[in-house]
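If you want the building blocks of each chain, they are given just below.
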Amino acid sequence: MNIAKTHTLHMALAIGVICLTGIGTLSSAIASSGDHQRATQAVESGEILSLRVILERLESSNPGQVLEVELEQKKGVWIYELKILKTGGRLQKLKVDAKTGTVLSDKER
């Protein structure tokens with residue numbers, strides 16, 4: 001049986017955003033404690049950068065209110081997906097390599 005390699009961590013990361021930045025709202029999706037443990041282990045092992053580091057790196061070039069953060073693992077690559085509410089009501093969606101902090105995708109609407 002092939003188990004999907006995508007793990008989405010909504011709640012744990014949304015809580016992290018609120019705790020770290022004082023802004024944002026909780027996602028309606030609830031992640032399992034197993035998801036939270038996988039993310040914690042990945043940070044502690046140095047496999048990925050912490051959410052705090054990612055947000056600090058993005059803050060100056062991507063100002064706005066962080067609405068949602070997801071951490072997914074696709075084909076062995078960890079990716080942070082962020083939704084940011086920009087000035088004027090525009091929504092920015094960023095995909096960031098969780099290991100390097102490199103922005104992989106930047107879309108606004």
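Conventions we followed
- Residues numbered from 1 in each chain as written.
- Predicted model: local features only at pLDDT ≥ 70, side-chain atom pairs only at ≥ 80, totals over all residues.
- Heavy atoms only, no water.
- Helix = DSSP H or I, 4+ residues; strand = E, 2+ residues; numbered from the N terminus.
- Polar contact = N/O pair within 3.5 Å; in protein donor to acceptor, adjacent residues only side chain to side chain.
- Salt bridge = Lys/Arg side-chain N within 4 Å of Asp/Glu carboxyl O.
- Buried < 20%, exposed > 50% of the residue type's maximum accessible area, 1.4 Å probe, protein only.

Engineer: How should the environment of K74 be read in this particular structure?
Structural biologist: Residue placement: K74 occurs in strand β1 (residues 65-74). Here the side chain of K74 touches E72 through a polar contact of 3.1 Å, side chain to side chain.

Engineer: Hey, could you run me through the pattern of salt bridges in this one?
Structural biologist: Two side chains with opposite charge may pair up if their charged atoms get near one another. Tallied over the full model, the rule gives five salt bridges. E72 is the salt-bridge partner of K74, the closest N and O atoms lying 3.1 Å from each other. On the basis of relative accessible area, K74 is assigned to the partly exposed category, the value being 35%. K95 serves as the salt-bridge partner of E81, at 3.8 Å between the closest nitrogen and oxygen. With E81 in strand β2 (residues 77-85) and K95 in strand β3 (residues 91-97), this pair connects stretches of sequence that are 14 residues apart. The structure contains a network of salt bridges with shared partners spanning E72, K74, E81 and K95.

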